[in-house]
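# Notes for the structure review
The lines below spell out each chain.
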Amino acid sequence: MSLPLMIFAAGKGTRMAPLTDVTPKPLIEVGGQTLLDRALTLAGQAGTGPVVLNTHHLGSQIRHHVNGRAIAISDEADLLLETGGGLRKALPLLGTGPVITMNPDVVWTGTNPVRALLDAWDDGMDALLMLVPLAHTHGRQGAGDFSLDPAGRLIRRGDLVYGGVQIIRPDRLAEIPEDIFSLNRLWDLLIAGGRAHGLIHDGEWCDVGRPDCIPLAEALLNG
């Protein structure tokens, strides 16, 4: 199965300042490769379909970086829409079926998380989030996000961290009236309906949201 992919590349990268004063966070390098290219490599290895990036902060640099590749741009230069609003704006480029979304500001070890989600997805789901046990995260600040019931459905609060990659059906975005909103709004709708599921990652994970996380991520990648 191949699904379209959206990479959220539009954030301001506030936590990564001062590096993001001159470079958009997706183009920050970890281990000699940009975070964006790491995400694209994982997706490519998993066999995803068409790729869309949204852009805002220093978006021209991202456009230049991917110039010549088969990647569409959803431009949020005039108004940053957050993850939910950004996904809804990009739907004309993504189609109406399930979509993979990725946050590029993380690194993974273990099984390719995109491939694992594609292998586990079935039509009885409206969302399937890749989750990481808190004990297997690096650079994480704060508690976990979710737990799972015996059927693998999401429950708010617990020691499982959302790793930043998922498969999700975008249909119910139309029910949210705001223009600017987080995907948490959509997750709440899907959780209430019992159709939001989680899959636990089998490796390690690092948040690369702050400058001090870069050496943590490089140490993890170097084993």
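What you see is a predicted model; the values in this text were computed from it and never measured.

As a further point, take the overall build of the chain. Per the secondary structure count, the chain includes six helices and 14 strands. Radius of gyration (C-alpha) of the chain: 16 Å, near the 17 Å computed for a compact globule of 223 residues. Within the chain, the fraction of its 223 residues that count as buried is 52%. The long-range share in the chain, meaning contacts at least 24 apart out of those at least 6 apart in sequence, stands at 71%. Accessible surface computed for the chain: about 9,700 Å², of which carbon and sulfur atoms make up 52%. Separation between the mean location of the 18 positive side-chain charges and that of the 25 negative ones in the chain comes to 2 Å.

Topologically, N112 is positioned in the loop between β7 (106–108) and α4 (113–120). In this structure the side chain of N112 is engaged in a polar contact, spanning 3.0 Å, whose partner is the backbone oxygen of L42. A distance of 3.2 Å separates a polar side-chain atom of N112 from the backbone nitrogen of R115. Here N112 is in contact with L42, Q45 and A46, once residues within four sequence places are set aside.

Per the stated rule, a full pass over the model turns up 14 salt bridges. Of the charged contacts, one joins D145 and R140 as a salt bridge, the two residues approaching to 3.0 Å between their closest N and O atoms. Since its relative accessible area comes to 28%, R140 is described here as partly exposed. The closest approach of N and O atoms between E175 and R172, which form a salt bridge, is 2.8 Å. R172 sits in the partly exposed class, given a relative accessible area of 29%. By sharing partners, the salt bridges in this structure join D123, D126, R169 and R195 into a single network.

Ranked by size, the top nonpolar core spans 34 residues in total, and within it I7, L36, L53, I100, M102, W108 and V165 carry the most contacts. Per-element accounting of this core gives the leading share, six residues, to helix α1 (residues 35–46). Excluding residues that lie within four positions of it along the chain, I7 makes contacts with L36, A39, L40, V52, L53, N54, M102 and P104. Counting 24 residues, the second-largest nonpolar core is a separate cluster that includes L91, L129, L183 and L190.

Time to look at the sheet that holds strand β9 (residues 137–138). If you trace the three strands from one edge of the open sheet to the other, you get β7-β14-β9, paired in mixed fashion. Here the strands that pair on one side only, and so sit at the sheet edges, are β7 and β9. In the sheet, β7 pairs with strand β14 (residues 205–207) via three bridges, with the strands oriented antiparallel. Looking across to β14, one finds that V106 is bridged to D207. Each of β7, β9 and β14 touches helix α6 (residues 213–221); the most contacted strand, β14, lies at about 165 degrees to it.

Rules behind the numbers
- Residues numbered from 1 in each chain as written.
- Predicted model: local features only at pLDDT ≥ 70, side-chain atom pairs only at ≥ 80, totals over all residues.
- Heavy atoms only, no water.
- Helix = DSSP H or I, 4+ residues; strand = E, 2+ residues; numbered from the N terminus.
- Rg over C-alpha atoms; globule rule 2.2 N^0.38 Å.
- Buried < 20%, exposed > 50% of the residue type's maximum accessible area, 1.4 Å probe, protein only.
- Contact = heavy atoms within 4.5 Å.
- Areas by Shrake-Rupley, 256 points an atom, 1.4 Å probe, with all protein chains shown as cover.
- Lys, Arg positive; Asp, Glu negative; His and termini not counted.
- Charge placed at Lys NZ, Arg CZ, Asp CG, Glu CD.
- Polar contact = N/O pair within 3.5 Å; in protein donor to acceptor, adjacent residues only side chain to side chain.
- Salt bridge = Lys/Arg side-chain N within 4 Å of Asp/Glu carboxyl O.
- Core = buried A, V, L, I, M, F, W, Y, C linked by side-chain atoms within 4.5 Å.
- Pairing = 2+ DSSP bridges.
- Axes fitted to C-alpha atoms, helices over the stretch in contact; angles between N-to-C directions.

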